[in-house]
Every structure is written in C-alpha cells, then in structure tokens.
Amino acid sequence: MSRPTNEGSITQYHRTPAGSQPPSLCEPYQATVRRSPTRPLIVLPHTLSEITGPLYGREEIGETDNDLTRQHAGEPLGERIIVTGRVLDDNGRPVPNALLEVWQANATGRYRHKNDQHPAPLDPNFTGAGRTLTDENGSYRFLTIKPGAYPWLNHYNAWRPAHIHFSIFGRAFLTRLVTQMYFPGDPLFAFDPIFKSIPDEKARERLISKFDLETTQPQWALGFRFDIVLRGRDATPFEA
Amino acid sequence: MELIPTPSQTAGPYFHLGMTETRSVKCIAGPQTKGERVWLTCRVLDGEGAPLNDAVIEIWQADADGKYNHPDDMQKKTVDPGWVGFGRMATEEDGSCEFETIRPGRVPGFGSGLQAPHLNVAIFARGLLKQLYTRVYFAGDPANSEDPVIALVPPQRRDTLMAEPDAARPGHWSFDIHLRGEQETVFFDV
C-alpha cells in the first residue's frame, strides 16, 4: 500500500511528536487490554474530511453553563475554584470559538452518574457538568468546586488523582481532544496509570494546571490556569 | 510547531455528564435535508466480542452534494440549508447506537480524484486513552473501488470499513466496530 504523493491543495496539520500522546495499549491501565487495537493505525494524509469539523457559535451557551456553582438552588459544598486558560494551536495562535465541555466529580469524589457507586455523598447542589466557548483570544473561564480524589477498581487500593474532564472541539475533526486536567502537586500522580500513560514528561506536565494568585479572587475563590494546545498547521494565505 | 499539543486522556465511564446528556445528536439529517435517507446502527465490541455500554461515537460528514459546512471547504458549492453534519451518541447496553442521516456526496481526495461517500467516525470510551478514528463506507457503492483511502488499506481488511445494508429494511445499515481481535476494524492515524 503506497502512500499517495500528491496531497492536493490541502494544508496538512502537524503530526504530534513521538511520546507526547498515550499509546493505545498501556497494561497498567487494565481496561486498555481488551479495548486497544493491536494492528498499526493506517496513516491518513489529510483531506477535507479530516481538516473540517463542527464549528460553534455564541448561541450554544446558557448563562450558568460555565458556572458549575450556580446550577441549583443552593451552592455546592467544596473549595470554590476558578479554572481559566487559553486554547492555542501548536504555533501558539489562539483558537477562538472552541467549544469546551467539562465534567467532574463533586468535592467528595462522587460523580452524579448512575454507574458511580462509590459510597461518598452526592451533593444536591452540584451536577458537575459545564460548557463554554473560547473568546477571540482563545480564553475561557469556569467557576466550579475542586473535585475530590476517588477510588477505582483498576488495581489494589487504586485512586484517581483529582481531575476535571475536558472535551474540546477546535477547527477540525482531527483536532478533537478529550483530556483531563489535574491539580499541581497531587501525591497520586506517581500511582496513576492513566496520568503516567504519556511517555514524554514535558507533554505529561501539560495536563497539570498551575495555581495562579492573579486569577485567585480575594475572599472568594482560588485560581488555576490550564492552557490547552491543539494541533495546528502552517499558515495559509486564506487565514487571517 | 512551537508547542507540544496537550496529550489525550480517556473519556472514562462518566462522559454522559458532559459529552452527551444535553448534547446527543442522533438526527444528523432532518426531514428537509436532501439526499438518500440512511438509518445507521453502530455497534462497538471489545477484543472478546463483548459490547461496550460506555462508548460514545461521533460522526462528521458532508452533505448530499459532497460539501462540508466549514470555511476550509473551498469547493464552489452551496451547503444544504440547515446542514451541520455532526452526530454524537452514547452506546446502549448492547453496545449499539443509531443515527439518522443521509448518504453523503463525494468529496475531493488527495489529488484530483474524489473519495467515495463516507462518514468520519471518532470513538471515545473508558480504556481508550485517545479516541480512535475510522470511516464508514457503504458496501456496494461503485465509487468504493476508486476511493484513495480504501486503497491505503490492505484488501483483506477493507470489509471492516463497510456498513452493510439490512435486506429486510430498506435504508437501514449496520456498522460493527471491533476494537481488537481477529475482525479488528481499520483505524486511522489522522
């Protein structure tokens, strides 16, 4: 199967550097053993099918969608936090109008989900889901509470470090990213096969938010910065 | 490239909260959409043939004329009014989910040729540290023999990319995704 040489007029997106993404099989994370493909992926030169994707506009977002502390009658329990950052491409250019979806456990480490049977209390004032769009500078901001760590059954005494799930739609179907944001200094990193699945240390550190005193609001909430980098491509004359 | 892209991490088992509860999209094509109606049932199975009840499938496709609703599609065609082309569903207990759509038109390939009608598919699940990409083609479509992406796939594995029509129910198609094992579906590094 020869690789086509004529890739037409499509400006190809950059490929990710070796070791910067997790492998499909990672034995310490048991669920990968039955679910990861064994044959090599077929490398696809980019066509219109890969470089296009769903785009979003302002009308999609509700007033409390980016404030997870105001979605119920009362306030959720827990440490109130601001999570903010920018979505950039790998050239450092902002990605505007990117749709971010987040979901997380409550302060006790329990998800409002039928399959989560961890015996920690649910919080009637916390759903744990939000969404927002980046502005013209690629910036976004959520107000939420810090999620708790929680146990899982992967191995004996397994605990996930506290994290917030992020789903990001950038400009193309190939820039689609689902990831997790962690908190600085978590002692559980060393024991977590999901966090440790990324071979390259510098890439792994991208997943750890930074405490930021400037983002922190006095008498109100701690601030954490989490920048997200999506795949980019060389500039074309058509792009502003 | 100046910055390392953010690594992927698994969507885990609780993605319903953020990725589908308010944003499932079963109906990619409404009643006004032009094109041949397609009811597509996708099923996701693990290496032992067990269904995944905790996967989410996303679909991205062109309209019936082969036009994507996106500014980087610079073909001189007008996109079907109201067309988005995106679908997203979580799988049920039996590993399946259904989409209502249309057979897309042909879009340009690598050079001057056209691709066969296809849907672009991303699969997210617990146990997948990064989403998997595959494509749904339509078995029996005469354009398949000219498709430059199918041509990249070893002949004996091409069947894994074909949705099969249901002889008893016209317009109904099924597509099984085997993550692993003998019938392993072809996945792409995009």
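As the structure is a prediction and not an experimental result, all values here were calculated from the model.

Rules and cut-offs
- Residues numbered from 1 in each chain as written.
- Chains lettered and ligands numbered in written order.
- Predicted model: local features only at pLDDT ≥ 70, side-chain atom pairs only at ≥ 80, totals over all residues.
- Helix = DSSP H or I, 4+ residues; strand = E, 2+ residues; numbered from the N terminus.
- Rg over C-alpha atoms; globule rule 2.2 N^0.38 Å.
- Buried ≥ 20, exposed ≤ 12 C-beta atoms within 10 Å, placed from the backbone.
- Contact = placed C-beta atoms within 7 Å.
- Pairing = 2+ DSSP bridges.
- Axes fitted to C-alpha atoms, helices over the stretch in contact; angles between N-to-C directions.
- Nonpolar A, V, L, I, M, F, W, Y, C, P; charged D, E, K, R; others polar.
- Core = buried A, V, L, I, M, F, W, Y, C linked by C-beta atoms within 7 Å.
- pLDDT = per-residue confidence, 0-100.

Turning next to the overall build of chain A. Per the secondary structure count, chain A includes three helices and 12 strands. By the compact-globule yardstick of 18 Å for 240 residues, chain A fits well, its C-alpha radius of gyration being 19 Å. Overall, the C-alpha framework of chain A stretches about 60 × 45 × 30 Å when taken along its three principal axes. With 240 residues in all, chain A has 44% of them scored as buried. Of the contacts formed within chain A by residues at least 6 apart in sequence, a portion of 72% connects residues at least 24 apart.

Residue and element names in this part refer to chain A. Locating Thr134 in the fold gives a position in the loop between strand S4 (129–133) and strand S5 (139–145). In sequence terms Thr134 and Gly170 are 36 residues apart; their C-alpha atoms lie 10.0 Å from each other. Each residue touching Thr134, except ones within four places of it in the same chain, is listed here: Val87, Val95, Pro96, Asn97, Ala98, Ser139 and Tyr140.

We now examine the sheet that holds S4 of chain A. Residue and element names in this part refer to chain A. Reading across from one edge, S4-S3-S8-S9 is the order of the four strands in this open sheet, with antiparallel pairing throughout. The sheet is open, and its two borders are formed by S4 and strand S9 (177–182), each paired with just one other strand. Across the sheet, the mean angle separating the axes of adjacent strands is 25° when strand polarity is ignored. Of the pairings in the sheet, the one linking strand S8 (residues 163–169) to S9 comprises six bridges and is antiparallel in character. Across the sheet, the residue bridging to His165 is Gln180, located in S9.

Examined against the element boundaries, Ala125 of chain B turns out to sit in strand S5 (residues 118–125). A tally of 25 C-beta atoms within 10 Å means that Ala125 of chain B is categorised as buried. When the C-alpha atoms of Ala125 of chain B and Val56 of chain B are compared, they prove to be 6.4 Å apart, with 69 residues separating the residues in sequence. Apart from residues lying up to four places away in sequence, Ala125 of chain B is in contact with Arg35 of chain A together with Ala11, Leu52, Asp54 and Ala55 of chain B.

In this section: the interface of chain A and chain B. Frequently, the measure chosen for interface size is the accessible area removed from exposure when the parts meet. Of the residues lining the interface, 72 residues belong to chain A; the matching set on chain B comes to 60 residues. Elements with a minimum of two residues in the side of chain A that touches chain B: helix H1 (32–35), strand S1 (42–43), helix H2 (48–51), strand S3 (99–104), S8, S9, helix H3 (201–205) and strand S12 (228–230) of chain A. Residue composition of the side of chain A that touches chain B, by class: 32 nonpolar, 26 polar and 14 charged.

This part covers the nonpolar core. Counting 99 residues, the largest nonpolar core has Ile168 of chain A together with Ile123 and Phe124 of chain B as its most contacted members. With six residues, the top contributor of residues to this core is S5 of chain B. Those residues in contact with Ile123 of chain B that lie beyond four places of it in its chain are Val44, Ala55, Ile57, Leu128, Gln131, Leu132 and Ile177 of chain B.

Summary statistics for chain A give a mean pLDDT of 93 and a share of 94% for residues scoring 70 or more. Here residues 1–7 of chain A scores under 50 on pLDDT; set against residues more than four positions off or in separate chains, the count is 11 contacts.

Moving on, we get to unusual backbone geometry. Peptide bonds are trans in most cases, and residues, glycine excluded, mostly fall at negative phi. Residue and element names in this part refer to chain A. A positive phi is found at Asn97, a non-glycine position, where the angle reads about 55°. With a phi angle near 60°, Gln219 is a residue other than glycine that sits in the positive phi range. As for its position among the elements, Gln219 is in the loop between strand S10 (210–211) and strand S11 (222–225). Since 4 C-beta atoms lie within 10 Å of it, Gln219 is described here as exposed.

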